[in-house]
Amino acid sequence: VPRMSVAIDGPAGAGKSTVARELARRLGFLYIDTGAMYRAITLKALRRGLNLTDEESLKALANESRIELTTDPDRLTRVFLDGEDVTQAIREPEVSRHVSLVAGLPGVREVMVRRQRELARCENVVMDGRDVGTVVLPDAQVKIFLTASPEVRARRRQLDLQAQGHHVPLDSLIQEITERDRQDSCRSVAPLMPAPDAWVIDSSHLNAEQVIEMIAARVLGRL
Ligand code: C5P
């Protein structure tokens, strides 16, 4: 049976991870959250007090770091950095605020992209991120660009945070999301954009289940 890759890219808060994780579970594919990898490196750099624009030392840091992603049967994705469970820590606002800076360094991307390709080499994967369809897995059989309006994405993020006990005003979330979109779309290396052969899905008026079914139908049609 030929190996199959599903690439899911899109802006922050479009629902990529929810969709990608559940899709992977239904298909029996490995789920890889590439954003979590950039977050883990950012966390480590912040903890060490490194200058986040120093490409040389950030690249070295990426090279010497062990990042493992696991998805357990109850669909919780855990992230380990050098053996430490950093699942919660990488979602802290401090990391979210700085991750685009770190992910914008070509040296860091080179290391991460190489690892992401290795993960997809021997397994069927659903991989989500910003540049999976364009850079990491340009030969992926199914490419999705999942998006939604900034207001809808901010509202979803607000509900997520609320569930974790954080109350953040909608305005500041819209601002944060718009700023991260700008940084991710305007950077020179691997900017956020749909691959020419990507299927663009606007989930503003779709729920996760509807999006999962649309993508699953396409994947099954390809198998
Ligand atoms: O997906 P998530 O929001 O956790 O990603 C965090 C950040 O990591 C993004 O805003 C982006 O700057 C960066 N990223 C990236 N390339 C990827 C995945 C994430 O540059 N493939």
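Residues numbered from 1 in each chain as written. Predicted model: local features only at pLDDT ≥ 70, side-chain atom pairs only at ≥ 80, totals over all residues. Heavy atoms only, no water.

Participant: Looking at this structure, I do not really get the overall build of the chain. What am I missing?
Facilitator: For the chain, the count of helices and strands is nine helices and eight strands. For the chain, whose C-alpha radius of gyration is 17 Å, the value lies close to the compact-globule estimate of 17 Å for 223 residues. Excluding contacts between residues fewer than 6 apart, the proportion of contacts in the chain whose partners are at least 24 apart in sequence is 72%. Approximately 11,100 Å² of the chain is accessible, and the part contributed by carbon and sulfur atoms is 51%. In the chain, which carries 31 positive and 32 negative side-chain charges, the distance between the mean positions of the two groups comes to 2 Å. (Helix = DSSP H or I, 4+ residues; strand = E, 2+ residues; numbered from the N terminus. Rg over C-alpha atoms; globule rule 2.2 N^0.38 Å. Contact = heavy atoms within 4.5 Å. Areas by Shrake-Rupley, 256 points an atom, 1.4 Å probe, with all protein chains shown as cover. Lys, Arg positive; Asp, Glu negative; His and termini not counted. Charge placed at Lys NZ, Arg CZ, Asp CG, Glu CD.)

Participant: Looking at this structure, how should I read unusual backbone geometry?
Facilitator: Glycine aside, residues mostly have negative phi, and peptide bonds are mostly found in the trans state. Phi is positive for Asp-82, which is not a glycine, with a value near 50°. Here Asp-82 lies in the loop between β4 (77–81) and β5 (84–85). For Asp-82, a relative accessible area of 34% translates into the label partly exposed. (Buried < 20%, exposed > 50% of the residue type's maximum accessible area, 1.4 Å probe, protein only.)

Participant: How should I be thinking about the sheet that holds strand β2 (residues 30–33) in this particular structure?
Facilitator: The pairing of strands in a sheet comes from backbone hydrogen bonds and takes either a parallel or an antiparallel form. With respect to topology, five strands assemble into an open sheet ordered β2-β6-β1-β7-β8, the strand pairing being parallel. Lying at the two open borders of the sheet, with one neighbouring strand each, are β2 and β8 (199–202). The mean inter-strand angle of the sheet, taken between neighbouring strand axes irrespective of direction, is 20°. Relative to strand β6 (residues 125–129), strand β1 (residues 5–9) runs parallel, the two being bridged by five bridges. Residue pairing across strands places Val-6 opposite Val-126, the latter belonging to β6. In the packing of helix α1 (residues 16–27) onto the sheet, contacts are made with β1, β2, β6 and β7 (142–147), and the angle to β6 comes to roughly 175°. (Pairing = 2+ DSSP bridges. Axes fitted to C-alpha atoms, helices over the stretch in contact; angles between N-to-C directions.)

Participant: What exactly am I supposed to notice about the UniProt feature "binding site: ATP" (unreviewed entry) in the chain here?
Facilitator: Those residues carrying the UniProt feature "binding site: ATP" (unreviewed entry) are Gly-10, Pro-11, Ala-12, Gly-13, Ala-14, Gly-15, Lys-16, Ser-17 and Thr-18 in this numbering. By the element assignment, Ala-12 lies in the loop between β1 and α1. The exposure class of Ala-12 is buried, given its relative accessible area of 5%. Residue contacts for Ala-12: discarding those within four places in its chain leaves Arg-130, Arg-153, Ile-177, Arg-180 and Asp-181. Assignment of secondary structure puts Ala-14 in the loop between β1 and α1. Residue classification places Ala-14 among the buried positions, given a relative accessible area of 3%. (UniProt positions renumbered as here; feature names shortened; annotations may be inferred.)

Participant: For this particular structure, what's the right way to read the pairing of β4?
Facilitator: Where burial is concerned, the two faces of β4 differ: the one with Thr-77, Val-79 and Leu-81 is buried and the one with Arg-78 and Phe-80 is not. Pairing between strand β3 (residues 67–71) and β4: five bridges, direction antiparallel. When the sheet's bridge partners are listed, Glu-68 is paired in β4 with Phe-80. Pairing between β4 and β5: two bridges, direction antiparallel.

Participant: Looking at this structure, how should I read the site of the ligand?
Facilitator: Around the ligand there are 15 residues in total, and Arg-39, Arg-109, Asp-131, Arg-180 and Asp-184 lie nearest to it. In this structure, an oxygen atom belonging to the ligand sits 2.8 Å away from a side-chain N or O atom of Asp-184. Relative to its unbound accessible area of 450 Å², the ligand is 96% covered by the protein chains. Mapped by element, the contributors of at least two residues to the shell around the ligand are α2 (34–48), α4 (93–103) and α8 (170–186). Top element by residues in the shell around the ligand is α2. It accounts for four residues. (Near = heavy atom within 4 Å. Polar contact = N/O pair within 3.5 Å; in protein donor to acceptor, adjacent residues only side chain to side chain.)

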